Amino acid sequence: MPPTGSDPARMNRKKGDKGFESPRPYKLTHQVVCINNINFQRKSVVGFVELTIFPTVANLNRIKLNSKQCRIYRVRINDLEAAFIYNDPTLEVCHSESKQRNLNYFSNAYAAAVSAVDPDAGNGELCIKVPSELWKHVDELKVLKIHINFSLDQPKGGLHFVVPSVEGSMAERGAHVFSCGYQNSTRFWFPCVDSYSELCTWKLEFTVDAAMVAVSNGDLVETVYTHDMRKKTFHYMLTIPTSASNISLAIGPFEILVDPYMHEVTHFCLPQLLPLLKHTTSYLHEVFEFYEEILTCRYPYSCFKTVFIDEAYVEVAAYASMSIFSTNLLHSAMIIDETPLTRRCLAQSLAQQFFGCFISRMSWSDEWVLKGISGYIYGLWMKKTFGVNEYRHWIKEELDKIVAYELKTGGVLLHPIFGGGKEKDNPAPHPHFSIKHPHTLSWEYYTMFQCKAHLVMRLIENRISMEFMLQVFNKLLSLASTASSQKFQSHMWSQMLVSTSGFLKSISNVSGKDIQPLIKQWVDQSGVVKFYGSFAFNRKRNVLELEIKQDYTSPGTQKYVGPLKVTVQELDGSFNHTLQIEENSLKHDIPCHSKSRRNKKKKIPLMNGEEVDMDLSAMDADSPLLWIRIDPDMAVLRKVDSEQADFMWQYQLRYERDVVAQQEAISALERFPTPASRLALTDVLEQEQCFYRVRMAACFCLAKIANSMVSTWTGPPAMKSLFTRMFCCKTCPNIVKTNNFMSFQSYFLQKTMPVAMALLRDVHNLCPKEVLTFILDLIKYNDNRKNKFSDNYYRAEMIDALANSVTPAVSVNNEVRTLDNLNPDVRLILEEITRFLNMEKLLPSYRHTITVSCLRAIRVLQKNGHVPSDPSLFKSYAEYGHFVDIRIAALEAVVDYTKVDRSYEELQWLLTMVQNDPVPYVRHKILNMLTKNPPFTKSMESPLCNEALVDQLWKLMNSGTSHDWRLRCGAVDLYFTLFGLSRPSCLPLPELGLVLNLKEKKAVLNPTIIPEAIAGNQEAAVNPSSHTQLVGFQNPFSSSQDEEEIDMDTVHDSQAFISHHLNMLERPSTPGLSKYRPANSRSALIPQHSAGCDGTPTTKPQWNMELPRKGTGKEQPPLEMSVHAAAAAPLSVFGKEPASSKHSEHHHHHHHEHKKKKKKHKHKHKHKHRRDGRERGRGPLAFPSPAGGRSARSPSLSD
């Protein structure tokens, strides 16, 4: 791995007017991607790419590109054959012989492997040697055209094939394929420079069956049929410079809809869904108008395409001039609940077209600017579309999420700077993954990162005003669009990249304000603020003494110094005060106004200028205060716990006109179960003009209060009379009116109230009989015939209500629960659920919402001991082929069962699904659900925790998920939750081993660490020995460009040292871990028919003898020692020293296959990659990763 100190430091230097400094010794200006064969049966793709590059240095003799899982056939540069080497250290992070099982070790190795191929550091998996005939050409800095033929067979990531197993041709079956992935994942489906900072123009060609449509970026120039009319080729041109990471593709038998309002916008969906597509996208033109208006800038591309596909990786994926959506977002005009969600997805994807696709980023540490701006303008769209209440509610929701996450995990850092020696100023908040690279981040961290980014943009807006904020965005866009039209001046294109410093400079130029303190607080460091507020009113001085404490010692918190707004509502009106929070001041005196109003019966003015009558009998006679709010505008990323009297919360709930304040009051009132609180909540429920989400929250709060007041509660159960008055027939109060959902507010209230009522409990902690009867009646008399909207969400919530009413079973003299002796109430509930499930089979509801609720309800009955606990029903619903929501609900139940019943069998079933399920999203969700609801954690003993499980998960994150970053990081999260950072407690103590401290050149005997600890120090030590073996076959590189090499003398010393000590320790390695045993679980993963296995040699020991002859002779003594030792006890060394065995083994392949391949081409060493046999030997490998994925230049090559 290149030392992270020097290389990215070059990238992240404060970028002054010099513009962008590329980490690559060349500039890419144009790329052609041509895919001329797509086979849906075999799930394979064949094609070529052509990159046009201009060298920027004279002695450029090798070119690094990104390519994963593509098989590369030949590389030509300006029509001359070029030798190349393929090396992807992320395929297997820690070598399989290693018995290391601690996560710290893995995380370091994984971060090293990812950096070793990171295009932002100028690295790549594919290294091409420039033919010597072109060296003179390169020295004159003339253009090079690199032509690469490649194919892709059954890709596991990057491209996703959906091939339904039904009758008919591929088009009739609705088979389709689309590109997907997390961050820059384009390298998974064609060779490219997979960096957001390398922009070029594109020509994209796709040849598909005549019944299919290929959708890609840019303008469709022409569609050409082949002679036999059975295939056609789509030619796309993208003239706006774009990074490879923003290139995408979708191919399928799509139905096509040209947007009636904007003809340059086209929508695509799968067959038979056109009516839904029409309705869903009918709104999109308004989003365009909104963004163009606030940014005072036209949409940057000449066209926009939306594609709705099945089995989506994420709901929304934005790429240059096109967005890929999940087909589950489509809905008809009858659906209420999905409509705002889908519109939000459309608006989100469009915001990312401006910031994210058109304007790209310089490096990973600038990602927060793009995510922040796109999230911020999306928020402005929400405010305009759904109103200020919805917007403020959303901000509060996002703020609560980020605060909870940071306090739980220790912080989210928006702008990670990696400089030499800067580590101390900028500590990584997360122990179990590196935040220096998007591909090592936990998915949850990344979603929280996006959330924090847009909240911080809002803080900047608070500081400089919205007007300036929009001017800054406009400036960024107009600079970028000027640069994008410079066809032949590719050095101008870096104006289309945003960097943190460029963005801040633009802010200070436009607004003239210095926002450095704000950036330092929220962007350059992680953590949120925790305030505790309490107050006393001093009657003599007529002042309010407010005390604000901070907690800045617990993890995820930071100290806040600066202005803080406090709003005080008094009898005379609402007054804002700005306090300065200093280092040590806690108490603040706020002057109050007169107490005169009390006697004059005047109306009381509120924040929004409204004047209201209040009943002041509840308040304190001496004090004019009605309520106090700390930081009402959410201008700090904070959590506030403030203490007020119950009557103050009640006034705040009733009369404060800000929805955030009302929600805070509701959550505070849970602590005050009094008749006055009950009355305040009931009043809010009855107020038509109160925001619907506040009324929904009040329902649940009222249920909690009623349960606390159960002995003193008078009258019918909470909310029952209210519901009857609002939604039931006047003549017959137990029969609900026919559904009419025209008023969405009352619709949301109508479906929430019963769910909250079902949480009521009587003195015996059972759900009151009349509540259950009431809910069953609602279901029985539900009539949707005259309603223009679907009631599927309403009925689903009625089932949720039934589930909420279930209480734990009381067993009489230990009888076993069977379905025959059910409690009569539970029998009624179970009958309803069964009836609903059977109805769903005949008349499925939209998105199968009812099935989902039924599955959850059955799990509740199982957990409460009413029906036998059994996962088989859920497992059948979780199989591939059901709708994804049903599968997730069923899997959630299985995850829960695994935890409650400690079932090893179900855990195995889930992990098998993680490895084999066809849908990437489902695999990701299983890991996610297991992490959130783990079968055991690192701090508890569990029968499930055993060595086999550790090995299985280790294998999963080490090599089983190399094709999907998100999945691998999910596996890491789960491993961390189950076993923690250090060696899992259930493993036996390892054998006595050596620890090497390479810096101080000492070895320590250590009983708890196995010899692989030598690899811990970036695994530098084992480099030279592995390379000596490579010199045997023609080595394509001289070591001319050795900038980032290791200190030679340490290497040689420690090399000899390691070999020497390994011989001293010689003994057979642990059985079962040896990779030469056929019984090993590793070989079980390799498909037996795989092409990768046929060249695998069977005779091992013979080559131990011939190896030394291949060396250069310089480091002979240590190498020979280890090799002869190996011959004597073939398994001993290779079990312990990962690098050398791995390399020698590959070396062997080379000898077996070289004869066959020689006639094909002289330069090619087409290695079948045994390490990745399951990936069908995809990569033409010349040599594998030197231990830690270090680049293929090493001192030992120079001799």
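Residues numbered from 1 in each chain as written. Predicted model: local features only at pLDDT ≥ 70, side-chain atom pairs only at ≥ 80, totals over all residues. Heavy atoms only, no water.

## Observations regarding the packing of helix H17 (residues 675-686) against helix H18 (residues 692-708)
Next up, step 1: Close contact between H17 and H18 brings their axes to 9 Å; oriented N to C, the two are set at 150°. As far as their axial angle goes, H18 and H17 are roughly antiparallel. The element H17 and its partner H18 pack so that their crossing is left-handed. The residues of H18 that touch H17, namely those facing Ser 677, Arg 678, Leu 681, Thr 682, Val 684, Leu 685 and Glu 686, are Val 694, Arg 695, Ala 698, Cys 699, Cys 701, Leu 702 and Ile 705.
Next up, step 2: Tallied by class, the residues present in the contact of H17 with H18 amount to nine nonpolar, two polar and three charged. (Axes fitted to C-alpha atoms, helices over the stretch in contact; angles between N-to-C directions. Helix = DSSP H or I, 4+ residues; strand = E, 2+ residues; numbered from the N terminus. Parallel < 35°, antiparallel > 145°, perpendicular 65-115°, else oblique. Left-handed = near helix turned anticlockwise from the far one by under 90°. Contact = heavy atoms within 4.5 Å. Nonpolar A, V, L, I, M, F, W, Y, C, P; charged D, E, K, R; others polar.)

## Points about the sheet that holds strand S5 (residues 80-81)
Next up, step 1: Taken together, eight strands build an open sheet; the order of strands is S5-S4-S8-S2-S1-S11-S14-S13 and the sheet is mixed. Looking at the sheet topology across the chains shown, the edges are occupied by S5 and strand S13 (219-225).
Next up, step 2: Here ten bridges tie strand S11 (residues 199-209) to strand S14 (residues 231-243), and the two strands are oriented antiparallel to one another. Pairing of Val 208 across the sheet is with Lys 232, part of S14. (Pairing = 2+ DSSP bridges.)

## Overview of the packing of helix H6 (residues 284-295) against helix H7 (residues 338-354)
Packed helices, taken two at a time, are described by the angle between their axes plus the distance between the axes.
Next up, step 1: Following both chains from N to C, one finds H6 and H7 inclined at 40°, their axes separated by 10 Å at the closest point. Here H6 is positioned oblique relative to H7, judged by the angle of their axes. Considering how the two elements wind past one another, H6 and H7 form a crossing that is right-handed. The segment H6 lies against H7, with Leu 284, Val 287, Phe 288, Tyr 291 and Leu 295 engaging Leu 346, Ala 347, Leu 350, Ala 351 and Phe 354.

## Considerations on the sheet that holds strand S6 (residues 84-86)
Next up, step 1: Spatially, three strands are ordered S3-S7-S6 in an open sheet, and the strand pairing comes out antiparallel. Since the sheet does not close on itself, it has two edges, and those belong to strand S3 (62-65) and S6, each with one partner. Pairwise comparison of adjacent strand axes, ignoring direction, gives a mean angle of 15° for this sheet.
Next up, step 2: Pairing analysis gives three bridges linking S6 to strand S7 (residues 126-129), with the strands arranged antiparallel. Its bridge partner lying in S7, Tyr 86 is registered against Leu 126.

## Observations concerning the pattern of salt bridges
Next up, step 1: Counting across every chain of the model gives 44 salt bridges.
Next up, step 2: As a salt-bridge pair, Glu 205 and Lys 203 come within 2.9 Å of each other at their nearest N and O atoms.
Next up, step 3: You can call Lys 203 partly exposed: its relative accessible area is 31%.
Next up, step 4: A salt bridge links Arg 654 to Asp 683, with the nearest nitrogen and oxygen atoms 2.6 Å apart. Of the two residues, Arg 654 is situated in helix H15 (residues 646-655) and Asp 683 in helix H17; the sequence distance between them amounts to 29 residues. (Salt bridge = Lys/Arg side-chain N within 4 Å of Asp/Glu carboxyl O. Buried < 20%, exposed > 50% of the residue type's maximum accessible area, 1.4 Å probe, protein only.)

## Considerations on the side chain of Thr 440
Next up, step 1: With respect to the helices, strands and loops of the structure, Thr 440 is situated in the loop between helix H9 (388-409) and helix H10 (443-464).
Next up, step 2: A polar atom in the side chain of Thr 440 sits 3.0 Å from the backbone oxygen of His 437.
Next up, step 3: In this structure, Thr 440 is in contact with Tyr 110, Ala 111, Val 114, Phe 433, Ser 434 and Cys 969, ignoring residues within four places of it in sequence. (Polar contact = N/O pair within 3.5 Å; in protein donor to acceptor, adjacent residues only side chain to side chain.)

## Some thoughts on the packing of aromatic side chains
Next up, step 1: For the structure shown, the criterion picks out 45 aromatic pairs.
Next up, step 2: Seen in terms of ring centroids, Phe 288 and Phe 304 are 5.6 Å apart; in terms of plane orientation they differ by 75°. Their pairing is edge-to-face. Placement of the pair is Phe 288 in helix H6 and Phe 304 in strand S18 (residues 304-309), with a sequence separation of 16 residues.
Next up, step 3: Here Phe 304 falls in the buried class, since its relative accessible area comes to 1%.
Next up, step 4: Measuring from centroid to centroid gives 6.1 Å for Tyr 299 and Phe 354, while their planes differ by 80°, and the two rings are edge-to-face. (Phe/Tyr/Trp six-rings, centres within 6.5 Å; stacked < 30°, edge-to-face > 60°.)

## Focus on unusual backbone geometry
Next up, step 1: A positive phi angle is found at Arg 847, which is not glycine, with a value near 55°.
Next up, step 2: Tracing the chain through its elements places Arg 847 in the loop between helix H23 (824-842) and helix H24 (849-863).
Next up, step 3: Since its relative accessible area comes to 15%, Arg 847 is described here as buried.
Next up, step 4: Residues other than glycine seldom take positive phi values, yet Arg 902 does so here, at roughly 50°.
Next up, step 5: By the element assignment, Arg 902 lies in the loop between helix H26 (884-901) and helix H27 (904-916).

## Topic: helix H12 (residues 500-511)
Next up, step 1: An ideal rise of 1.5 Å per residue puts 16 Å on twelve residues; H12 measures up with 16 Å between its terminal C-alpha atoms.
Next up, step 2: For H12, the full list of buried residues reads Thr 500, Ser 501, Phe 503, Leu 504, Ser 506, Ile 507, Val 510 and Ser 511.
Next up, step 3: Close packing links the buried residues of H12 with helix H8 (367-386), H10, helix H11 (466-484), strand S22 (497-498) and helix H13 (516-522).
Next up, step 4: Immediately downstream of H12, the backbone of Gly 512 shows phi near 70°, a positive value. (Expected span 1.5 Å × (residues − 1).)

## Quick look at H26
Next up, step 1: With 18 residues, H26 should cover 26 Å at 1.5 Å per step; its first-to-last C-alpha distance of 25 Å lies within 8% of that length.
Next up, step 2: A positive phi of about 50° marks Arg 902, the residue just after H26.

## A word on the pairing of strand S25 (residues 562-570)
Next up, step 1: For S25, a buried count of seven out of nine residues is recorded, marking the element as mostly surrounded by other parts of the structure.
Next up, step 2: Here nine bridges tie S25 to strand S26 (residues 573-581), and the two strands are oriented antiparallel to one another. If you follow Val 566 over to S26, its bridge partner there is His 577.
Next up, step 3: Between S25 and S26, which follow one another and run antiparallel, lie two residues.
Next up, step 4: Bridging between S25 and strand S30 (residues 625-630) involves five bridges; their strand directions are antiparallel. Its bridge partner lying in S30, Glu 570 is registered against Leu 625.

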